[in-house]
Amino acid sequence: MIPKNNTLTLLALVGALGLVSPAAWAMTSEQAHQLCLQARAGNSTALSDLTLAAQKGNRSAENWLGVYYGLEHKYSDAVPWTRKAALQGDPLAEFVMGSVYYYGNGVAKNPGKAVYWLQLAVDQGFQKGEGMLKQAQEKLKATAANSHPSAPASSAATDSAPANPPIPAVTSHAITQTAQTPARKPASTITVAQHIPAPKIQPLSPSAENQRGYAYYSGQGQPQNYAKAVYWFKKAALQGNASAENNLGVAYNHGQGVPKNLAKAFYWYKKAAQQGNPSGETNLGVAYYEGDGTPSSTPNALHWWKLAANQGDQRAQSYLSVVHLTSHPATS
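In what follows, the accompanying structure is described. For clarity, every value in this text was computed on a predicted model and none was experimentally measured. (Residues numbered from 1 in each chain as written. Predicted model: local features only at pLDDT ≥ 70, side-chain atom pairs only at ≥ 80, totals over all residues. Heavy atoms only, no water.)

### Description of unusual backbone geometry
The phi dihedral of His73 is positive, around 60 degrees, even though this residue is not glycine. Mapped onto the elements of the fold, His73 is located in the loop between helix H4 (59-71) and helix H5 (75-87). For His73, a relative accessible area of 60% corresponds to the exposed category. (Helix = DSSP H or I, 4+ residues; strand = E, 2+ residues; numbered from the N terminus. Buried < 20%, exposed > 50% of the residue type's maximum accessible area, 1.4 Å probe, protein only.)

Okay, here's the thing in structure tokens:
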């Protein structure tokens, strides 16, 4: 029998621990962009592929499908798809939603909502939205001034002026030390904002939070940021999302966005595995086999790998094959 440490070397060659990539993330933003261009050129297959990906929840596909319909001047079809992508935190979609409300394409003009969406996009680093944001803010001020011509200018700085509107969770700056807290808005802007409230945004589902974390982890649609990835994985994991539990375990296992902690990695792998998540089962098996965060136990490793393999997890199947071969060498 080959010693276990040599077996682990073979296991490492089979594949490293991996994140659960939701099926909806199979299409990148660039791929969705290309399908949009092809659809604009009259390629019906490209439009069908883009629509299918959007229907499965791919935010890049949702965004570019909205762009496609907008370029076709079918705004009633464009706005719902763009809104879906924006609610998933796509900065380009947030910018487009802001411009939609600014120009009144498919919706009634609303400078308050325009400012809301453009601010979200700019907060995520979408610099192209800064100019339109300033214009929308000026239009919002003018709208309020026309609605309340008798209000004295000094009334903005009163004790009753509300505090800054809370930043939605999708643009929280608390999850990274490098992000800058947005400057406090002038009192005049605050006074205006109370007359045109920002639109109510439905909170993200645990699945969408996990997808947001995966986007930050892999750098899909925004710069890679492990700290923000962990933030979203943890939000979803604490609500019982099995994929997020596994992904949070991966972050702790590798020390990405959090200090490396094998015990916490084991904890989250086990939570995911107990819900039947195949990646969690596989990673829990590896933890048991290597003794990471728990006493080493080959029987426990085999147990979880078999469960994952029965669900079609290829890593688990490979691990079982390698362990079998190294435990039962061929006889001459």
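Having seen it, we continue.
### Considerations on the environment of Leu35
Mapped onto the elements of the fold, Leu35 is located in helix H2 (residues 29-40). A sequence separation of 11 residues divides Leu35 from Ala46, and the C-alpha atoms of the two residues are 5.1 Å apart. Other than its neighbours up to four places away in sequence, Leu35 contacts Met27, Ala46, Asp49 and Leu50. (Contact = heavy atoms within 4.5 Å.)

### What to know about the side chain of Glu245
As for its placement among the helices and strands, Glu245 is situated in helix H12 (residues 242-254). Within the buried set, Glu245 has no salt-bridge partner at all; the shortest N-O distance to an opposite charge, 4.7 Å, is to Lys271. Looking at Glu245, its side chain comes within polar contact range of the side chain of Gln275, at 3.0 Å. In this structure Glu245 touches Ala237, Gly240, Trp268, Lys271, Ala272 and Gln275, once residues within four positions along its chain are discounted. (Lys, Arg positive; Asp, Glu negative; His and termini not counted. Salt bridge = Lys/Arg side-chain N within 4 Å of Asp/Glu carboxyl O. Polar contact = N/O pair within 3.5 Å; in protein donor to acceptor, adjacent residues only side chain to side chain.)

### Structural notes on the nonpolar core
With 36 residues, the main nonpolar core has Phe233, Leu248, Tyr252, Leu284, Tyr288 and Trp305 as its most contacted residues. Mapped onto this core, the elements with two or more residues apiece are helix H10 (206-218), helix H11 (226-237), H12, helix H13 (262-274), helix H14 (278-290), helix H15 (298-310) and helix H16 (314-327). With 6 residues, H11 is the largest single contributor of residues to this core. When sequence neighbours within four positions are dropped, the list of residues in contact with Leu248 reads Val230, Phe233, Lys234, Ala237 and Trp268. Val115, Leu118, Leu133 and Ala136 belong to the second largest nonpolar core, which has 24 residues in total. (Core = buried A, V, L, I, M, F, W, Y, C linked by side-chain atoms within 4.5 Å.)

### Some words on the environment of Pro206
Tracing the chain through its elements places Pro206 in helix H10. In the structure, Pro206 is positioned 32 residues away from Leu238 in sequence and 8.9 Å away in space, judged by C-alpha atoms.

### As for H2
Within an α-helix, residues lying three or four positions from one another point in the same direction, as the helix has 3.6 residues per turn. With 12 residues, H2 should reach 16 Å at 1.5 Å per residue; the first-to-last C-alpha distance of 16 Å fits that figure. Regarding H2, the residues found buried are Ala32, Leu35, Cys36 and Ala39. For H2, the arc enclosing every buried residue in end-on projection is 105 degrees, short of the 170-degree limit, so these residues lie on one face. On the buried face of H2, the contacting elements are helix H3 (44-55) and H4. Phi turns positive, to about 100 degrees, at Gly42, one or two residues after H2. (Expected span 1.5 Å × (residues − 1). Arc of directions from axis to C-beta.)

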